Amino acid sequence: MPRRPEIGNVQLYPDRPLKKSDRNGYVLKFYCPIRRTCIRKSCGTRDRREARKVLRECRQRLLNGDYEASGGQISSSFLPTIVRPFIEPEPEDASGRTWEDCYEDYRSFKSKRSAKDSFKHARSRLVIAEKIFQDYFEDGADEKPLMIRQVMTLPMLEYLQERLLEGDECRYETRSPNTVNSMLAAVMAFVRFCAKREWIDRVPAVEPLSVDDVMKGRPVTGEEFDRMLQATPSVVGKEEAESWQFALKVLWFSGFRIGDLMDFHWSDERHIRPQWPNGPEMHPTISIPSSQKNGKLQEIPMLPELDDFLRAVPANQRTDWIVNPLPVHNPIKQDASWFQPNADDLIELASKYSNLSIAAACEVSETAVRKWLAQLNFRRKREFKISTGEIPSNTVARTRNRAQRGTGTKRHYPERMTKEHVGRIVAKIGKAAGIVVRSEDKRTRTRVKYASAHDIRRGCAQRLINAGVSAETLKVVMRHADFTTTEKYYGAMRSAQAAATEVRKKLSPNAASDALVGGLMGGHEKTPQLSTEEFLKLKCLLERL
């Protein structure tokens, strides 16, 4: 288990006089209690003596709390020069800002500076936090706006942490500490945004929940993967099973994330695609565009199993997406009487009533209403936080008569499924196969977890470790942005395999007898064979001589 970071341990880079090639000047590296990770910050000077002064001041500010109170300033005298765009001045009474006003500014800010859909998860978590805060201040009177200074305090954020842990606004009874920490991180990012604009005085130092530093699942074995393939028809249907089994095999042979799987294309360079070289001594690779998770243009080796599997696909079928599982048709209850309003009626209802009220009238879930509105790219100027009451019966009857579709109509599925939907179906297949990757533990508030797409990815990593692949190569194949991720999750397994091999070799009966004969007869130990990695290093060393 990695050592916990030490507050106040600040290091200066480079710890020597600067050269002309050192364009960034002196930089401090330390653990940031606000972002809860190690960061680097420029000292703002090229003078070594001044940089050491900044280091000492930064260490003192970390220890006495001034660093957190100032929102992350390493020095009281050094302020980075930033070209600020013109913005409208804030009202004199900053304490009058509401959660909704700040949230709209935050959403606008993130939507212009973040990748597509990256703000989607944070947005849902902020909505949950807002509902919990509103329940706390509910007094039976008319709905009052939620004031930002009321909720962004240490007691209120700790209250939010406790309610999230107890399962408020959740489909399960409780949440795990890992989930709570992840949700609170999204809220704290919003808090820091407000603190930078001086809408609140300071960022409260909320202590995260203690969690076990382990994987959320475990690697799927070969026998368990075969069971998943067998259980696929019972989950998706016989006609759709072949396309889903193909998707599972690509996951198994590649170690892809679910997003990589659904972005795997035969030829489009804007997506992940295979590349087969013409040279006889060159190996096939996979090209990764910069639009993927780590934001880098990469080329990684294609695993031999994936190479053989893709080459078996007929040439006339190597067009468009490599993985395109067929939609799963869920049966509709016979006694259902739901309906979907047409576009004009739905927009008119959404401008007057909340999603809860529309869902009750159409006899569907609130999630279904949100999806309908998202397909129309409709967004209210102001979201309704609670149900706006029952829609009049004559309005419901008139809307039902003009409905786009309803009970008994055939559902039209999109041409291609989303990665979220595919991930849920894979998890259902793992549950149908009865593969438990994490047992229920009331002590840590963790629920039972069945095999998912990411556990299949872990299975691929485990096979590479068993084959003796180095940690550096494993990092490249699994596309970890930082080597610490590879070492954190797979270093222990690799160390255990290496230790077990050495112990068995040293303690085996043959090894003891060989050592005895060699000692009596003056024999020499057999020279151990070099691994591929050691051979390449030796070759490079000899070429330099």
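Residues numbered from 1 in each chain as written. Predicted model: local features only at pLDDT ≥ 70, side-chain atom pairs only at ≥ 80, totals over all residues. Heavy atoms only, no water.

**Looking at the overall build of the protein**
Along the protein, the regular secondary structure elements total 21 helices and 10 strands. Expressed as a percentage of the 545 residues in the protein, the buried residues total 36%. Taking all contacts inside the protein whose residues are at least 6 apart in sequence as the whole, residues at least 24 apart take part in 62%. (Helix = DSSP H or I, 4+ residues; strand = E, 2+ residues; numbered from the N terminus. Buried < 20%, exposed > 50% of the residue type's maximum accessible area, 1.4 Å probe, protein only. Contact = heavy atoms within 4.5 Å.)

**Observations regarding the pairing of strand 2 (residues 27-32)**
Most of strand 2 sits out of view: five of its six residues are buried. Note that strand 1 (residues 11-13) and strand 2 share three bridges and pair antiparallel. When the sheet's bridge partners are listed, Leu12 is paired in strand 2 with Leu28. The pairing of strand 2 with strand 3 (residues 37-42) spans six bridges and is antiparallel. Looking across to strand 3, one finds that Lys29 is bridged to Arg40. Linkage of strand 2 to strand 3, two consecutive antiparallel strands, is achieved through a turn of four residues, within which Arg36 is found at a positive phi near 55°. (Pairing = 2+ DSSP bridges.)

**Structural notes on the packing of helix 3 (residues 99-113) against helix 7 (residues 177-196)**
Taken N-terminus to C-terminus, the directions of helix 3 and helix 7 make an angle of 95°; their axes are 11 Å apart at the nearest point. Comparing the axis directions of helix 3 and helix 7 gives the class roughly perpendicular. Residues Trp99, Cys102, Tyr103, Asp105, Tyr106 and Phe109 of helix 3 touch helix 7, and the partners they reach there are Ala189, Phe190, Phe193 and Cys194. Of the residues in the contact of helix 3 with helix 7, the class split is nine nonpolar, no polar and one charged. (Axes fitted to C-alpha atoms, helices over the stretch in contact; angles between N-to-C directions. Parallel < 35°, antiparallel > 145°, perpendicular 65-115°, else oblique. Nonpolar A, V, L, I, M, F, W, Y, C, P; charged D, E, K, R; others polar.)

**Observations concerning the sheet that holds strand 6 (residues 298-301)**
Across the sheet, which stays open at both edges, the three strands sit in the order 4-5-6 with antiparallel pairing between neighbours. Here the strands that pair on one side only, and so sit at the sheet edges, are strand 4 (273-275) and strand 6. Across the sheet, the axes of successive neighbouring strands diverge by a mean angle of 30°, strand direction being ignored.

So yeah, pure geometry; function would need other evidence.
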